[in-house]
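# Structural characterization, general
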Amino acid sequence: MTGRSGAHQRSASSRSQVPHTRCSVNRQSSLVTRHSRDTICAVATPPGTGGIAVIRIAGERTFPILDRFLADRRPSRQPSHTVRLGWFVSPERGPVDQVMVAIFRAPRSYTGDDLAEVSCHGGIAAADAILNLLVRAGCRVAEPGEFTRRAVLAGKMTLSQAEAVADMAEARTEAAFRTALARYRGGLSRLVAGIADDLKELQAEIEYRLGFDEHEACGKTPKMRIRRIAARLSRLVDSAAADRLLVEGANVAIIGRPNAGKSSLFNQLVQGERAITSPVPGTTRDRVDATVMLVGVPVRFVDTAGLTVRTGTRLSRLALAQTGKAVEQADIIIALFDGARPTGPSDRAVAAAINGRRAICVLNKTDLARRFGPREAGICPTGLVPVSCRTGAGIARLRARLARMLHAGAAPRLTVNRRQLEALSACRDALFRAGRAPTLETAALETGSAVDMLNKVDAPATATDILDRVFARFCVGK
Ligand SMILES: Nc1nc2c(ncn2[C@@H]2O[C@H](COP(=O)(O)OP(=O)(O)OP(=O)(O)O)[C@@H](O)[C@H]2O)c(=O)[nH]1
Ligand SMILES: [Mg+2]
């Protein structure tokens, strides 16, 4: 039932007179641990005009509470996994709305508790009225992510599956949705469980070897085994880092000497007159950016002030600092050269800025006589993509090159989120240290910390600090 919940729901407090709810980590942890047996409710659909609104209720008093408002239907007698049409009636004020009630009995529900979903007419009024009545009857308004948190605590899903629920709601592209769906189906949890098994075997082997003298072959660190597990983790971490561009989108900075045509190229790539262009060098001072979709991937292009080796005025120094920042934050850099001018020191500054970075070198103004010097080969070892921003020639080829760099069109494998990537990278680093450890005892310690790091991906229910951090980003009703 995850699909019904919107990504950016208003908190219940703004919808009604019910108690205030915030995404506060501390408050959430204290409330959830103290009242995990409460019957909770929340509007699970985004606010605003729509066909229907859905109110979720979960907890042991779900059905007795609903019976008070659906006297003719008595949800407590309704079989599990069925839907009934009925009138939601306020004992004091009469009919509130005609609703559909879906019943899920424990433990066969999203949270593992008794759970109901009441679908009323869309808009804010009916859902608010129903929510208020439920709260007055003894339900508590759910904290952000509390339904999914209960599902994790009940063993209905792992933590990485729960995070996938939020990622699916927030997905901006089909690729992002598909990779979150793969995690929701347990792909990452299975992979992590496999690596955890390998680590357990490694620990057992180290334990066994600790019984031997360190001069004997059996007393040495099992480096081959460590290397194998580390390589498996490295593959996962590296592909996850590359696939993140596909899912989250990429920052592409356009840099080059003043007047090279950066703003003209920017306008071509974002297909609009967004940046000012002029024959006067130094036209662009501020960073200008725009996001466009490139073969299904959101790409944020950034136009920058021209790179120059001359220090100039305070304003141009500030502009240069901005360009430096854009370069730092870029996932991919487009280094633009002016084909109608000989290679100069500014071009070498551009080449230095892309050194060691993912970059595409582009030669502009191919409609004019070429004066770009023969030394360009040294400046752009990967070759130049020729374009003319005036005629539009070569722009399609540049776009295709960029798309290839983003792996656009390829199905992402198992993209992990930032938190999971951190845990997996830390696990791999601990294993690297174990492989280089001077003694078997140190290798044992490092392997232990690798296990701890890996355990963070699908943290157990007792790891409240991790759970708090994860569920703080969820919406009310999830
Ligand atoms: N002939 C020709 N002129 C171009 C081409 N691309 C840009 N220009 C011209 O070159 C001049 C500079 O273009 P801009 O896009 O403003 O260059 P820029 O790199 O952003 O310049 P700054 O912001 O000053 O660093 C303008 O007069 C453009 O019309 C091209 O492909 N061919
Ligand atoms: Mg410019």
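Cut-offs used in this document
Residues numbered from 1 in each chain as written. Chains lettered and ligands numbered in written order. Predicted model: local features only at pLDDT ≥ 70, side-chain atom pairs only at ≥ 80, totals over all residues. Heavy atoms only, no water. Patch = residues over 30% accessible without salt bridge, like charges linked within 9 Å, V, L, I, M, F, W, Y side chains within 5 Å. Areas by Shrake-Rupley, 256 points an atom, 1.4 Å probe, with all protein chains shown as cover. Salt bridge = Lys/Arg side-chain N within 4 Å of Asp/Glu carboxyl O. Helix = DSSP H or I, 4+ residues; strand = E, 2+ residues; numbered from the N terminus. Donors = N, O, S within 2.8 Å, 3.2 Å for Na, K, Ca; no water. Buried < 20%, exposed > 50% of the residue type's maximum accessible area, 1.4 Å probe, protein only. Pairing = 2+ DSSP bridges. Near = heavy atom within 4 Å. Polar contact = N/O pair within 3.5 Å; in protein donor to acceptor, adjacent residues only side chain to side chain. Nonpolar A, V, L, I, M, F, W, Y, C, P; charged D, E, K, R; others polar. Axes fitted to C-alpha atoms, helices over the stretch in contact; angles between N-to-C directions. Parallel < 35°, antiparallel > 145°, perpendicular 65-115°, else oblique. Left-handed = near helix turned anticlockwise from the far one by under 90°. Contact = heavy atoms within 4.5 Å. Core = buried A, V, L, I, M, F, W, Y, C linked by side-chain atoms within 4.5 Å.

Looking now at a nonpolar patch on the surface. A cluster of nonpolar side chains, V83, L85 and M100, forms an exposed patch at the surface whose accessible area comes to about 250 Å². One can find M100 in strand β4 (residues 94-104).

Attention now goes to the coordination of the magnesium ion (ligand 2). At this site the magnesium ion (ligand 2) is bound by S263 (OG) and T284 (OG1), with donor distances of 2.0 to 2.1 Å. Of the two residues, S263 is situated in helix α10 (residues 262-270) and T284 in the loop between α10 and β8 (288-294); the sequence distance between them amounts to 21 residues. There is no split in this pair, since S263 and T284 are both buried.

Our focus in this paragraph is the pairing of strand β1 (residues 40-43). Residue alternation in β1 divides its side chains into two sets, I40 and A42 and C41 and V43, and both sets are buried. Inspection of the sheet shows β1 paired to strand β2 (residues 52-58) by four bridges, in the antiparallel sense. By the bridge assignment for β2, V43 is matched with I55. In the sheet, β1 pairs with strand β6 (residues 140-141) via two bridges, with the strands oriented parallel.

The next point concerns the site of ligand 1. Inspection of the region around ligand 1 gives 23 residues, with K262, S264, G282, T283 and D367 positioned closest. Here an oxygen atom of ligand 1 sits 2.8 Å away from a polar atom, N or O, in the side chain of S263. Within the backbone of G282, one N or O atom sits 2.7 Å away from an oxygen atom of ligand 1. The fraction of the free accessible surface of ligand 1 (650 Å²) that becomes covered by protein chains is 93%. With three residues, the top contributor of residues to the shell around ligand 1 is α10. When the residues that make up the shell around ligand 1 are grouped by side-chain class, the tally is seven nonpolar, 12 polar and four charged.

The pairing of strand β3 (residues 82-90) with β4 spans nine bridges and is antiparallel. When the sheet's bridge partners are listed, G86 is paired in β4 with V99. Counted along the chain from β3 to the antiparallel partner β4, the turn is three residues long.

Running from amino to carboxyl end, helix α8 (residues 187-209) crosses helix α15 (residues 418-436) at an angle of 20 degrees, the nearest separation of the two axes being 13 Å. Classified by the angle between their axes, α8 and α15 sit roughly parallel to one another. You can see that α8 and α15 cross each other, and the crossing is left-handed. Counting all contacts with α8, which are made through L188, V192, L199 and L202, the residues of α15 involved are Q420, L424, C427 and L431.

The next subject is the nonpolar core. Core analysis: the largest hydrophobic core is formed by 32 residues, its most contacted members being L265, L269, F301, I334, V362, L398 and L406. At the level of secondary structure, the elements contributing two or more residues to this core comprise α9 (223-248), β7 (250-256), α10, β8, β9 (297-303), β10 (332-338), β11 (359-364) and α14 (395-405). Per-element accounting of this core gives the leading share, five residues, to α14. Setting aside its immediate chain neighbours within four residues, I334 contacts V252, A253, I254, I255, L265, L269, F301, I360 and V362.

Relative to the elements of secondary structure, R140 occurs in strand β6. With 99 residues separating them in the primary sequence, R140 and C41 have C-alpha atoms 6.1 Å apart.

The strand order across the open sheet formed by six strands is β3-β4-β5-β2-β1-β6, and the pairing between neighbours is mixed. At either end of the open sheet lies a strand with only one pairing partner, and these are β3 and β6. Contacts from helix α5 (residues 146-153) reach β1, β2 and β6, with the element oriented near 135 degrees to β1.

The tally for this structure, following the rule as stated, stands at 21 salt bridges. A salt bridge links K365 to D338; the nearest nitrogen and oxygen atoms lie 3.2 Å apart. Within this pair, whereas K365 is found in the loop between β11 and α13 (376-379), its partner D338 is found in strand β10, the two being separated by 27 residues in sequence. Of the residues examined, D338 reaches a relative accessible area of 1% and is grouped as buried.

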